[in-house]
Amino acid sequence: MSDSRSINRREFLEKSAAAVAGSAMVPRTAMSYANIVGANDRISLGHVGIGNRGGDLDLIASKLKSSHNVEMTAVCDLWKVNREKAAATNTGYYGRAPRAVQHIEELLAMKDVDGVLISTPEHSHSPILKMAAEAGKDAYVEKPMANILSEAKAAREAVLRSKTIVQVGTQHRSEPYPQAAQKVARSGALGDISKVEIEWNYHGPRWRGRPEVKQIRESDTDWAKWLLAKPARPFDPQLYFEFRLYKEFSSGIPDQWMSHGIDLVN
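Everything quoted here is computed from the prediction, not taken from an experiment.

A. Broad picture of the pairing of strand E6 (residues 166-169). Relative to E6, strand E5 (residues 138-142) runs parallel, the two being bridged by four bridges. Bridge pairing links valine 141 to valine 168 in E6. Traced from E5 through helix H6 (residues 149-162) to E6, the parallel crossover comes out right-handed.

B. Structural context of the sheet that holds strand E1 (residues 43-48). Strand order in the open sheet formed by six strands is E3-E2-E1-E4-E5-E6, with parallel pairing between adjacent strands. Of all strands in the sheet, those bounded by a partner on one side alone are strand E3 (99-101) and E6. Between one strand axis and the next, the sheet turns by 20 degrees as a mean value, whatever way the strands run.

C. Representation of the layout of surface pockets within the structure. The calculated volume of the largest pocket comes to roughly 1000 Å³. What lines the largest pocket is a set of 45 residues, and nearest its centre among them are Ser119, Thr120, Pro121, Phe243 and Arg244. Of all the secondary-structure elements, those providing two or more residues to the lining of the largest pocket are helix H2 (52-62), helix H4 (104-108), helix H5 (125-134), helix H9 (223-227), helix H10 (237-241) and helix H11 (253-265). Residue composition of the lining of the largest pocket, by class: 17 nonpolar, 16 polar and 12 charged. Quantified by volume, the second largest pocket comes out at close to 600 Å³. What lines the second largest pocket is a set of 17 residues, and nearest its centre among them are Pro178, Ala181, Gln182, Leu264 and Val265. Looking at the lining of the second largest pocket, the elements that each hand over two or more residues are helix H7 (176-187) and H11. The biggest single contributor to the lining of the second largest pocket is H7, with seven residues. Looking at the lining of the second largest pocket residue by residue, the class counts come to 10 nonpolar, three polar and four charged.

D. Inspection of the nonpolar core at higher detail. In terms of nonpolar packing, the biggest core is built from 20 residues, with Leu107, Val116, Ile118 and Leu129 touching the most fellow members. Per-element tally for this core: the top contributor is H5, with four residues.

E. Structural view of the pattern of salt bridges. All told, the structure shown has 12 salt bridges when counted by the stated rule. In this structure, the salt-bridge partner of glutamate 122 is arginine 244, at a minimum N-O distance of 3.3 Å. Taken together, the residues span a long stretch of sequence, with glutamate 122 in the loop between strand E4 (115-118) and H5 and arginine 244 in the loop between H10 and H11 at a distance of 122 residues. Between lysine 130 and glutamate 134 there is a salt bridge; the shortest N-O distance is 2.7 Å. Of this pair, lysine 130 and glutamate 134 both sit in helix H5, four residues apart, which is roughly one turn of the helix. Since its relative accessible area comes to 47%, glutamate 134 is described here as partly exposed. One salt-bridge network, in which partners are shared between bridges, spans Arg42, Glu71, Arg96, Arg99 and Asp112.

F. Spotlight on the packing of aromatic side chains. In total, this model carries 10 aromatic pairs according to the counting rule given. Ring centres of tyrosine 202 and tryptophan 257 lie 5.1 Å apart, and the angle between their planes is 75 degrees; on these two criteria the pair is classed as edge-to-face. Note that tyrosine 202 is positioned in the loop between H7 and helix H8 (212-215) and tryptophan 257 in helix H11, a separation of 55 residues in sequence. The class for tyrosine 202 is partly exposed, based on a relative accessible area of 49%. Here the aromatic rings of phenylalanine 235 and tyrosine 240 are separated by 6.4 Å at their centres, their planes lie at 65 degrees, and the arrangement is edge-to-face. Overall, the relative accessible area of 7% leaves tyrosine 240 in the buried class. Three or more aromatic residues link up through ring pairs in this structure, and these residues are Trp79, Trp223, Trp226, Phe235, Tyr240, Phe241 and Phe249. The ring of phenylalanine 249 is capped by lysine 230, whose NZ or CZ atom sits 5.7 Å from the centre of that ring.

Calculation notes
Residues numbered from 1 in each chain as written. Predicted model: local features only at pLDDT ≥ 70, side-chain atom pairs only at ≥ 80, totals over all residues. Heavy atoms only, no water. Pairing = 2+ DSSP bridges. Helix = DSSP H or I, 4+ residues; strand = E, 2+ residues; numbered from the N terminus. Right-handed = clockwise from strand over helix to strand, strands pointing away. Axes fitted to C-alpha atoms, helices over the stretch in contact; angles between N-to-C directions. 1 Å grid on protein atoms, 1.4 Å probe; cavity = no way out; pocket = protein on both sides within 12 Å on 5 of 7 lines; lining within 4 Å. Points joined across faces, edges and corners; volume = space filled by probe spheres on them. Nonpolar A, V, L, I, M, F, W, Y, C, P; charged D, E, K, R; others polar. Core = buried A, V, L, I, M, F, W, Y, C linked by side-chain atoms within 4.5 Å. Buried < 20%, exposed > 50% of the residue type's maximum accessible area, 1.4 Å probe, protein only. Salt bridge = Lys/Arg side-chain N within 4 Å of Asp/Glu carboxyl O. Phe/Tyr/Trp six-rings, centres within 6.5 Å; stacked < 30°, edge-to-face > 60°. Lys NZ or Arg CZ within 6 Å of the ring centre and 35° of its normal.

Structure below.
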């Protein structure tokens, strides 16, 4: 989206790409075209799941507010603290407050919302993507798209049925270094490539601790909705924020980092 020339809404939506140096796409509207009056209307976005990573995505989307008439008009998070913070942050970006709701069903019922950003915990990516597609919303969903194959297939089938547009957030493919490597590989300069090795070195605690664990209260969120299709269990603030450390809710390092490596190879 580096082209700064005047561009109308349909052109922008049809030329979707990474928004800012390796970051998230702003979705193109498919089914909601019928509700648009005028070619240069605002692109109305909703965001569900707005923790630390979600805050980064909000910033990225805000970079397009002038060049592409984008606005985050609705924010959704089960936890009251995140929801209020996101509303205040986006008010600062756009000069007016977004609608702030607790449940995804409320956001998806908003007919003026063209696309949604999904950055909820991993176990809810595919179920919420399926819901978004069934509501006719285009979507950007953080990787991993799913960690249960049946849920991945159900979400994909919903997207194909609805003809919505979806991007999964394997954002490294949009950064300069893999694009340069791809160019070299495709040029033939390396000859026939039969093996690719990718290595990441990281030294740091996985069980790092999050201050939100001590801050959250069950009364300020909706634990049952957070669990979604997972079996009922007592409220666990550690799990709520450190879900990547639990095999029932995450596939761990493979879906965190290996997914990027495999994507780069492909």
